[in-house]
Amino acid sequence: MPPSPSWVAPRLAAYAKRTPRPVRFEEMLKFGERPSQSTLLQAAKFLADEISVRLAHRYAELETLPYGLKEMPAVYQVKSWYAESFKDLVEFYNVIDAHRRNPSLGCKFESEHGIQGMGSWFSKLIGGARGRKEEFDVLPPGLASTAALDMTRPSVMPAVNQVSAEADGLPYFGQCQSPHLVNAAPAYNKQFNTILKRIVDRHNPVVVIVGKGVRQLTQSHPYLPEHHPEVQSFLNRFHRNRVGVRILIGHHLALQRQHRFPHHIGIVCTRTSVVDVASEASVDAAEVCEQSYGVSPPVEIQIPEGGVPDFVYVPSHMHHIIFEICKNAMRAVVEKEETRVGRGEAKRKDLSPVVINVQVRGDDILIRVSDKGVGIPAREVDRAFQYAYTTAKQAPIDPDFHGSEVDGAPMAGYGYGLPLSQLYARYFKGDLTLQSREGLGTDVFFTVKRDWVGDEPVLM
Ligand SMILES: Nc1ncnc2c1ncn2[C@@H]1O[C@H](COP(=O)(O)OP(=O)(O)OP(=O)(O)O)[C@@H](O)[C@H]1O
Ligand SMILES: [Mg+2]
């Protein structure tokens with residue numbers, strides 16, 4: 001990856017001092033009901049700035065990690081992705097903002113049909129900037145030549161305090177107030193989607209790469225176990241922030257997808273059916289289990305007599321959580337049988353079922369996944385929700401695995417299944433807990449708050 005331009009490091013530091021602004025879940029829904037080019041552009045501006053702030057906070061934290069963790073090659077790699085994505089977003093925001101201040105500039109992404117068009121956009125920008133020099137950082141001479149016309153130069157970047165003064169008051173949901181920007185909204189929105197998709201792809205391997213960093217650390221510092229509280233709370237903050245950013249990005253992109261699923265607003269489903277999600281997730285888990293062991297236990301889904309009402313939720317999150325719990329339960333059942341009959345000898349007919357029991361309790365839906373597998377020894381139960389705690393033979397870390405999908409997901413081995421699922425569950429004010437008895441089996445309790453509306457839990 002090429003080194004970042006020189007303006008990136010000081011801006012990362014400045015943005016890390018700004019306070020993140022949580023988005024209200026109900027705003028995501030309201031905005032998503034009938035998005036227009038104008039409201040999408042407004043959200044794009046908000047998100048470009050807000051995600052920059054959140055990335056800057058994480059970047060700053062990666063720089064100050066204790067115990068030499070910040071020196072790990074994996075952490076360097078992740079940091080460089082954060083800097084790159086930060087740069088993409090800040091540039092995008094500044095291009096729109098320059099146009100907002102100076103309507104005659106036109107839209108850079110409409111005129112970008114070659115160096116000619118781009119050159120004239122930058123010349124106008126520099127011309128406009130000269131008129132209001134105090135608004136911009138240093139303006140070195142010689143910028144009129146096309147070769148020097150580069151948005152990444154500090155000369156065309158507004159001063160940080162000026163950006164934050166405007167951006168901090170920006171709503172996520174609303175109409176874009178500048179008519180000339182609205183005219184160019186389709187081009188801006190298209191460009192922003194390209195940037196967001198690039199960021200998602202770039203950051204896909206982060207869960208695995210950070211996991212690798214932690215493993216590198218514990219290999220080089222055997223006295224420092226990975227379940228050290230400081231390492232755990234870093235991982236929790238880091239992953240919670242990542243989930244938040246991915247929800248915002250995923251929602252923004254989903255709103256513009258050609259194909260809309262029924263009852264979906266972006267990534268949110270207004271009629272989520274626990275039973276449908278649970279049966280899909282358990283089928284997916286069984287598939288992974290069979291790839292690993294050649295067999296999978298049967299699954300029973302039990303629902304109350306009156307059925308389970310549909311409710312507002314993000315089904316992909318629920319799927320992820322139930323998939324991870326089922327994988328663990330299936331592994332426990334198959335491994336218990338294998339200790340009786342030998343490796344690779346377990347038969348489906350001899351496997352005890354994994355039971356998914358769904359109950360409605362007031363505003364909560366309780367999903368209990370029970371197995372009669374190997375169970376967890378009492379002394380280890382508290383560790384089950386720690387990052388990187390696993391009793392599986394450590395799988396070689398596959399950098400192409402994104403940590404959240406079925407394809408290529410290992411049966412077990414990262415020790416991220418439970419802690420990340422708990423994080424997802426708590427993100428929407430639910431919870432994930434477990435009870436286990438060694439040799440007898442395990443019950444995992446996944447509580448979901450029905451139709452929850454509120455702020456994202458953005459804590460830095
Ligand atoms: N249902 C269960 N029965 C027995 N042990 C379990 C069960 N669920 C979790 N565990 C224990 O908790 C550990 C951590 O589970 P977790 O899902 O976080 O990681 P993992 O399954 O080892 O790896 P992965 O990240 O691939 O999910 C497991 O390795 C296992 O020892
Ligand atoms: Mg697991």
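One can find the structure itself at the top, above this paragraph.
Residues numbered from 1 in each chain as written. Chains lettered and ligands numbered in written order. Predicted model: local features only at pLDDT ≥ 70, side-chain atom pairs only at ≥ 80, totals over all residues. Heavy atoms only, no water.

Student: Which parts of the structure should I look at to understand unusual backbone geometry?
Tutor: Negative phi is the rule for most residues except glycine; trans is the rule for most peptide bonds. You will see that Ala388, though not glycine, has its phi angle at about 75°, which is positive. Examined against the element boundaries, Ala388 turns out to sit in the loop between strand 6 (364-371) and helix 14 (417-427). Assessed through its relative accessible area of 13%, Ala388 is described here as buried. For Lys429, which is not glycine, the phi dihedral falls at a positive 70°. For Lys429, the location among the structural elements is in the loop between helix 14 and strand 7 (431-437). (Helix = DSSP H or I, 4+ residues; strand = E, 2+ residues; numbered from the N terminus. Buried < 20%, exposed > 50% of the residue type's maximum accessible area, 1.4 Å probe, protein only.)

Student: Honestly, the packing of helix 4 (residues 73-101) against helix 10 (residues 206-220) in this entry has me stumped. Any pointers?
Tutor: Taken N-terminus to C-terminus, the directions of helix 4 and helix 10 make an angle of 150°; their axes are 7 Å apart at the nearest point. With respect to helix 10, the axis of helix 4 lies roughly antiparallel. Taken together, the residues of helix 10 that come into contact with helix 4 (itself represented by Pro73, Ala74, Gln77, Val78 and Trp81) are Val206, Ile209, Val210, Lys212, Gly213 and Gln216. (Axes fitted to C-alpha atoms, helices over the stretch in contact; angles between N-to-C directions. Parallel < 35°, antiparallel > 145°, perpendicular 65-115°, else oblique. Contact = heavy atoms within 4.5 Å.)

Student: What exactly am I supposed to notice about the site of ligand 1 here?
Tutor: The immediate surroundings of ligand 1 are formed by 21 residues, with Asn328, Thr390, Thr391, Tyr416 and Leu418 found nearest. At 2.8 Å from an oxygen atom of ligand 1 is found a side-chain nitrogen or oxygen belonging to Asn328. A distance of 3.3 Å is found between a nitrogen atom of ligand 1 and a side-chain nitrogen or oxygen belonging to Thr442. In the complex, the protein chains occlude 96% of the 600 Å² of accessible area that ligand 1 would expose alone. Counting residues per element, the ones that place at least two in the shell around ligand 1 are helix 13 (315-341) and helix 14. In terms of residue count, helix 13 provides more of the shell around ligand 1 than any other element does, five residues in total. (Near = heavy atom within 4 Å. Polar contact = N/O pair within 3.5 Å; in protein donor to acceptor, adjacent residues only side chain to side chain. Areas by Shrake-Rupley, 256 points an atom, 1.4 Å probe, with all protein chains shown as cover.)

Student: Can you help me understand helix 7 (residues 160-167) in this one?
Tutor: In an α-helix there are 3.6 residues to a turn, and that puts residues three or four apart on one side. Those residues of helix 7 lying buried are Gln162, Val163, Ser164 and Ala167. Where helix 7 is buried, its residues contact helix 1 (8-15), helix 3 (37-63) and helix 4.

Student: Looking at this model, I keep getting lost on the pattern of salt bridges. Mind explaining?
Tutor: Side-chain pairing between opposite charges can occur once the charged atoms of the two side chains come close. Scanning the entire structure with this criterion turns up 22 salt bridges. Linking Glu63 and Lys79 is a salt bridge whose minimum nitrogen-to-oxygen distance equals 3.2 Å. Of this pair, Glu63 sits in helix 3 while Lys79 sits in helix 4, and the two are 16 residues apart along the sequence. The structure contains a network of salt bridges with shared partners spanning Arg18, Arg21, Asp49, Glu50 and Arg54. (Salt bridge = Lys/Arg side-chain N within 4 Å of Asp/Glu carboxyl O.)

Student: Which parts of the structure should I look at to understand the sheet that holds strand 1 (residues 264-265)?
Tutor: The strands that make up a sheet pair up through hydrogen bonds in the backbone, lying either parallel or antiparallel. The three strands lie next to each other as 1-2-4, forming an open sheet whose pairing is antiparallel. The sheet terminates laterally at strand 1 and strand 4 (311-313), the two strands that pair on one side only. Examined bridge by bridge, strand 1 and strand 2 (residues 268-272) share two bridges and lie antiparallel to one another. In the strand pairing of strand 2, His264 is matched with Cys269. Together, strand 1, strand 2 and strand 4 form the strand contacts of helix 13, whose direction differs from that of strand 4 by roughly 80°. (Pairing = 2+ DSSP bridges.)

Student: How should the packing of aromatic side chains be read in this particular structure?
Tutor: Applying the stated criterion across every chain, the model contains 15 aromatic pairs. Considering the side-chain rings of Phe25 and Phe428, the 5.2 Å spacing of their centres and the 50° angle between planes classify their relative orientation as tilted. With Phe25 in helix 2 (residues 25-33) and Phe428 in the loop between helix 14 and strand 7, the pair connects residues that are 403 residues apart, well separated along the chain. As far as burial versus exposure is concerned, Phe25 and Phe428 are alike and both buried. (Phe/Tyr/Trp six-rings, centres within 6.5 Å; stacked < 30°, edge-to-face > 60°.)

Student: Help me understand the side chain of Asn189 in this model?
Tutor: As for its position among the elements, Asn189 is in helix 9 (residues 185-203). Residue classification places Asn189 among the buried positions, given a relative accessible area of 3%. A distance of 2.6 Å separates a polar atom in the side chain of Asn189 from a polar atom in the side chain of Gln37. There is a polar contact of 3.3 Å between the side chain of Asn189 and the backbone nitrogen of Leu41. If we ignore the near neighbours within four places in the chain, the residues touching Asn189 are Gln37, Leu40, Leu41, Ala44 and Gln256.

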